[in-house]
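# A look at the structure
Spelled out from the first residue to the last, the chains are:
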Amino acid sequence: MRPDGLPAPLAQLRRTVVMGVLNVTPDSFSDGGRYQDVSAAVAHGRDLHAQGADIVDVGGESTRPGAQRVPVGEELDRVLPVVSGLVEAGVPVSVDTMRAETALAAVAAGACLVNDVSGGLADPDMHAAVARLGVPYVAMHWRGHSDRMDDLATYDDVVVDVIGELRDRAEAAMAAGIPQRHIVLDPGLGFAKEADHNWALLKRLPNLAAQGFPLLIGASRKRFLGSLLADDDGVDRPVDERDRATDAVTAVAAAMGVWAVRVHDVAGSSDAVRVAEAWRRGSAHG
Ligand code: PMM
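This report concerns the structure included in the present document. The residue numbers shown here count from 1 along each chain, following its written sequence. Where totals are concerned, whole chains, interfaces and linings use all residues; where local detail is concerned, this predicted model gives features only for residues with pLDDT of at least 70, and gives and counts side-chain atom pairs only at 80 or more. For side-chain calculations, the full set of non-hydrogen atoms in the structure is used, while hydrogens and water are omitted.

## A closer look at the pairing of strand E2 (residues 55-59)
- Residue exposure (1.4 Å probe, protein chains only): buried if accessible area is under 20% of the type maximum, exposed if over 50%, otherwise partly exposed. Strands here are runs of E lasting at least two residues and helices are runs of H or I lasting at least four, both read from the DSSP assignment and numbered beginning at the N terminus. Across the 5 residues that make up E2, a large majority, 5, are buried.
- Alternating positions in E2 separate into two faces, Ile 55, Asp 57 and Gly 59 on one and Val 56 and Val 58 on the other, with burial throughout.
- Bridge count between strand E1 (residues 17-23) and E2: 5 bridges; the pairing is parallel. Looking at E2, one finds that Met 19 is bridged to Ile 55.
- DSSP-based pairing: two strands are paired if at least 2 bridges between them are found. Here 4 bridges tie E2 to strand E3 (residues 93-96), and the two strands are oriented parallel to one another. For Gly 59, the partnering residue across the bridge sits in E3 and is Asp 96.
- For the crossover that starts at E2, traverses helix H2 (residues 72-88) and ends in the parallel E3, the hand is right-handed. Here, the term right-handed applies to a crossover whose path from the first strand over the helix to the second runs clockwise when the strands point away from the viewer.

## Topic: the environment of Glu 165
- Here Glu 165 is to be found in helix H5 (residues 158-175).
- For Glu 165, a relative accessible area of 24% puts it in the partly exposed group.
- Sequence spacing of Glu 165 and His 141 is 24 residues, and the spatial spacing of their C-alpha atoms is 7.1 Å.
- Two residues form a contact once any of their heavy atoms are found within 4.5 Å. Apart from residues no more than four positions distant in its own chain, Glu 165 is found in contact with His 141 and Arg 143.
- Side-chain polar atoms of Glu 165 contact the side chain of His 141, separated by 2.7 Å. We call two N or O atoms a polar contact when they sit within 3.5 Å, provided that within protein one can donate a hydrogen and the other can accept it, with sequence-adjacent residues counted only if both atoms are side-chain atoms.

## Regarding a negative patch on the surface
- Two joining distances apply to patches: 9 Å for like charges and 5 Å for nonpolar side chains (Val, Leu, Ile, Met, Phe, Trp, Tyr), and every residue must have over 30% relative accessible area and no salt bridge. Accessible surface area values rest on a Shrake-Rupley calculation with a 1.4 Å probe, where residue burial reflects the displayed protein chains alone. Salt bridges are defined by distance alone: a side-chain nitrogen of Lys or Arg within 4 Å of a carboxyl oxygen of Asp or Glu. A positive count includes Lys and Arg, and a negative count includes Asp and Glu. His and the chain ends are not counted in either. To locate a charge, take atom NZ for lysine, CZ for arginine, CG for aspartate or CD for glutamate. A cluster of acidic residues, Asp 231, Asp 232, Asp 233 and Asp 236, forms a negative patch at the surface.
- Along the polypeptide, Asp 236 turns up in the loop between helix H8 (223-228) and helix H9 (243-255).
- Residue classification places Asp 236 among the partly exposed residues on the basis of a relative accessible area of 32%.

This is the structure in structure tokens:
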């Protein structure tokens with residue numbers, strides 16, 4: 001299942017889409033600080049595309065646990081030149097933002113999808129802006145900003161609660177004029193979630209898929225993979241050594257039919273998607 005409103009060739013893809021992560025931030029947990037310079041960021045985005053990213057997700061505000069907000073002017077300064085540079089190079093781009101103003105400017109610069117980790121909760125103008133733009137919209141499960149999200153990880157039943165809260169976001173988006181066929185849902189792994197919340201959500205992906213929306217999964221290099229792979233002393237696997245685990249999640253998610261995975265290591269996930277597709281078809285040929 002995929003959203004409508006994507007440009008070719010994304011609209012034609014029959015397999016899980018690989019979304020490459022490009023954080024233009026000093027402080028994201030995995031790639032923060034590396035791509036603050038516009039030309040380095042554009043070069044990395046082009047590289048991700050060359051390695052198999054079907055779309056590159058450009059973000060200018062870190063959402064790592066504990067992160068502080070960035071003023072909108074700074075977010076725009078970080079994101080817009082990189083979006084423009086990648087669009088000029090022929091790379092499909094999404095914008096990772098919680099702000100309507102940034103979404104509007106990024107789509108004007110050529111971004112073809114808005115990825116909102118707050119599902120519209122952070123900015124009351126977001127849904128109306130996306131409705132006007134007419135692009136697909138990822139609504140992620142979110143309960144509060146990064147400085148307090150670790151205190152919000154309480155659920156009666158995480159799968160039931162996340163599905164209910166995501167349905168509320170989808171209803172709000174549709175009430176503001178975003179067509180249902182443009183909406184993608186994302187359980188928001190690691191956002192106000194402890195490790196076992198993430199695993200429960202991954203196990204029950206079919207329940208989320210049954211809501212009738214395409215799904216996006218962002219597991220890449222997250223803390224729950226680090227703790228799963230902790231060493232004998234209980235020390236988490238370092239962030240830059242979590243790509244193989246990420247690739248394994250990609251394979252499982254793709255085998256379950258999710259629309260997209262958002263990852264840092266594009267090459268590994270791209271291979272994993274192809275394996276999952278051959279497995280689903282029972283054949284190497286489409
Ligand atoms: N995770 C992060 C940022 N943006 N967007 C979506 N839709 N889903 C996610 O899981 C998600 C996201 C945090 O990871 P990063 O700091 O490595 O970008």
